[in-house]
Amino acid sequence: MSGCPYFQRKFVSTSKQNLKEDESDDSQIGVNKASKGDLIYGDYLQLDKIVTSQVLQSELKGNKIHDEHLFIVTHQAYELWFKQVLWELDSVREIFISGHVRDERNMLKVNTRIHRIVMIFRLLLDQFAVLETMTALDFYDFREYLSPASGFQSLQFRLLENKIGVPHNQRVPYNRRHYRDNFGDQESEQLLHSEQEPTMLQLVEQWLERTPGLEEDGFNFWGKLETNIFEGLRREKEKIEQKPASEIKEEMMAELIKQRDIFLSLFDEKRHDHLVSTGQRRLSYKALQGALMIYFYREEPRFQVPFQLLTSLMDIDTLMTKWRYNHVCMVHRMIGSKAGTGGSSGYQYLRSTVSDRYKVFVDLFNLATFLVPREWIPKMDPSEHTFLYMAECCDSSYCSSSDDSD
Amino acid sequence: MSGCPFLGRKYPLFTSKPSQAEEEDESQKGINKATKGGIVYGEYLQLDKVLNAQVLQSQEKGNKIHDEHLFIVTHQAYELWFKQILWELDSVRHLFIKKHVRDERNMLKVVSRIHRITMIFKLLVEQFVVLETMTALDFFEFREYLSSASGFQSLQFRLLEAKIGVADHLRVPYNRQHYKDNFHGQESETLLSTEQEPTLLQLVEQWLERTPGLEKDGFNFWGKLQANIEEGLKMEKHKLEQMEDSEVKQDLLADLNKQIEIFTALFDPKRHEHLLSKGERRLSYKALQGALMINFYREEPRFQVPFQLLTALMEIDMLMTKWRYNHVCMVHRMIGSKAGTGGSSGYHYLRSTVSDRYKVFVDLFNLATFLVPHAWMPKLNPNVHKFPYMAECYDSSYNSYSSEDSD
């Protein structure tokens, strides 16, 4: 059915339309319910709180600056959406923590909510363009009245970082030293909890370790993959060696050796553990295997939604780092190289946070290093390897309309 | 200067020892000021109010539905931005009402703020995709707890429509009869007093009527334009008539006759009045002339920013109508053809509001009907016609730093 209002000329503006109304028109039928008591919009949304919380410091200090209102509203909108993101994130973490995620019927919900977080982040990125309609000159007129308030004191932003999985020891030093100092006792406790409770990263790691097909006494994905890859590389080497000597042959050989070194590192568990200790890798070795398995077999029914989940997790990282970068660029325009109101070096500090240190699911990105031709991927036999099609068992506590709807 | 943080390996992706040797880095210098008293972020933004305003009706009624939180937050975000739009809109209307706009140095502020409104509207249109992550099935689970709360009761939305210039008598009937019934007491009064104040449309109309160059005893833009167009059309007709008879010639002549009709209508003030009474035109005849003048001479220094203003006003109309249409599509997905919580026919009612009746600056769009070749535009003589280059006089009350003006 066409959604177009002008389809079949039903709602076209014609000269006769304006004053003589078709009272019999379906669209005009209805009864105004608001006059019947009950909940109304403004009360439902507690607008009396929301719409009266814009108090301009410049006005309080006797020098009302127009643009300060935009500054306030923009930040309040960000915080509203941060609250929503935390709502979704906590509900997903709870599904993992409680073990309900083992009932694979819950995966749709998990995926949908993580994807929703992605959509919200996209909006938050677009939101910068609105604040950028304020010039540095206009900002200068009221900035003095803000001190020492600073985004550094946004509790929700820190909770968000922690619950996704930004590790404390990876934060840039200024942040590491001071980030909790910004908060009073109660908020500081909340922050501490968020550091100690299972993060999205940890929960996803455990889930990945349980990927069906990894069992060494079962499908043994990793063992088979290693065999296939080195067999494949060996054949490639032979083919190249048979070529007549030439510069191209040299280059191809060098390329092959590089490839081989990459894969040797992949199957070197000690090397992996070393990289985890330096913070360059974040997932356990087993979890990495699970992720690669999901990538390679993403079209198998049981892995389709898990694959979407991994993609959305990378989207979150990408969007968060773009958010940081957008923020940096805007701050640079607004205050040049002056210090931040919270006391940091401002632009310089923010720039240092646009870094892979803050990328939580960095391992998923790096999996692209280890892609192989389709033929090297261990083959499945549907009659034998049924784990790809059928979920294990349904959790007895599962119920679509239970208070799982948190 | 490259903004890339990785240029010059200043902040490399991987270092073997992340925790050493960074303490001396410029970026890590600073002191934490928050511990020294003074207003902090959360207080400045009154987050204790903003972040404690989400109460799920489904939870109150003992059946907490997860997606209701998204529903609430989305609407609250819309209302926050409506407030911001009203802040900008009122400040611009104020500049016109107080006549400060006659000092053309204020035009930059006017255009910047109207443009800011369009940027906010763009965000509001983009915001739909977030709510669209909720399925109709999920919505169905908590919709009953909303009972009669409805967007129909959004005061700020109505204030917005009224202040821009949506005409009461052009609203679709259900809306006309009922939209004010939704408000009581203080809110109703606010709405009524807003309707008494000059709308953006009216203020822009008066401003357009003052466009320099319209004076009949001066440049006389309209008189000259009419003469040029009639002459131009006459010459076109003459050229065509000299062609050999053919079907092409017939087609071209038919087109020309259509053109002649269009321009005859343009220069007919009575016809304009008639269309005004029907609501198909909204600006006065003189204001229309001013708008066409600004369009034709938009590159003259004095008209450049005014032209940007007219463009931004059309942008507002476009974005509002896109907003309405996006809303319709989403509602259709969510409730099919069921009635709205506020009592209207729901989808059908909303669809009827996606219409030119709600387009405030419709005349600016329609100017495109009357474009003419450059050669037909009355020529300006810089020695005689100084008005496109020099502003009249400065308003003595103008002062970029005065606190009243910075509203």
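Before reading further, recall that the structure is shown in the block above.
Everything numeric here is computed off the predicted structure, so don't read it as measured data.

Here the focus is the nonpolar core. In terms of nonpolar packing, the biggest core is built from 232 residues, with A:Trp207, A:Phe221, A:Leu364, B:Ile114, B:Trp207 and B:Phe221 touching the most fellow members. If sequence neighbours within four positions are ignored, B:Phe221 has contacts with B:Gly213, B:Leu214, B:Gln289, B:Leu292, B:Met293, B:Phe296, B:Tyr297 and B:Pro378.

In this structure the tally under the stated criterion is 41 aromatic pairs over all chains. Where B:Phe71 meets B:Phe142, the ring centres are 5.5 Å apart and the plane angle is 65°; that geometry is what we call edge-to-face. Placement of the pair is B:Phe71 in helix α4 (residues 68-97) and B:Phe142 in helix α7 (residues 136-143), with a sequence separation of 71 residues. Assigned by exposure class, B:Phe71 and B:Phe142 land together as buried. Through a chain of ring-to-ring contacts, three or more aromatic side chains come together here, namely A:Phe219, A:Phe221, A:Trp222, A:Phe230, A:Phe267, A:Tyr285, A:Phe296 and A:Tyr297. The ring of A:Phe365 has A:Lys359 sitting right over it, with the charged end atom 4.4 Å from the ring centre. Its end group placed over the ring of B:Phe152, B:Arg158 keeps NZ or CZ at 5.2 Å from the ring centre.

All names here are of chain A. Among the secondary structure elements, Asp317 is positioned in helix α16 (residues 301-335). A polar atom in the side chain of Asp317 sits 2.5 Å from the backbone nitrogen of Phe361. Residues contacting Asp317, with those up to four places away along its chain left out, are Tyr358, Lys359, Val360, Phe361, Val362 and Phe365.

A separate point is the pattern of salt bridges. Once their charged atoms are close, side chains differing in charge can pair, the charge on each being opposite to the other. Residue and element names in this part refer to chain B. A complete count under the given rule lists 35 salt bridges over all chains for this structure. Arg324 is the partner of Glu161 in a salt bridge, and the nearest nitrogen-oxygen pair spans 2.9 Å. One end of the pair, Glu161, is in helix α8 (residues 155-164); the other, Arg324, is in helix α16 (residues 301-335), with 163 residues separating them in the sequence. For Glu161, a relative accessible area of 0% gives the class buried. Lys278 is the salt-bridge partner of Glu280, the closest N and O atoms lying 3.3 Å from each other. Under the relative-accessibility criterion, Glu280 is labelled partly exposed at 31%. Within this structure, Arg158, Glu161, Asp168, Arg171, Lys180, Glu195 and Arg324 form a network of salt bridges that share partners.

Conventions adopted
Residues numbered from 1 in each chain as written. Chains lettered and ligands numbered in written order. Predicted model: local features only at pLDDT ≥ 70, side-chain atom pairs only at ≥ 80, totals over all residues. Heavy atoms only, no water. Core = buried A, V, L, I, M, F, W, Y, C linked by side-chain atoms within 4.5 Å. Buried < 20%, exposed > 50% of the residue type's maximum accessible area, 1.4 Å probe, protein only. Contact = heavy atoms within 4.5 Å. Phe/Tyr/Trp six-rings, centres within 6.5 Å; stacked < 30°, edge-to-face > 60°. Helix = DSSP H or I, 4+ residues; strand = E, 2+ residues; numbered from the N terminus. Lys NZ or Arg CZ within 6 Å of the ring centre and 35° of its normal. Polar contact = N/O pair within 3.5 Å; in protein donor to acceptor, adjacent residues only side chain to side chain. Salt bridge = Lys/Arg side-chain N within 4 Å of Asp/Glu carboxyl O.

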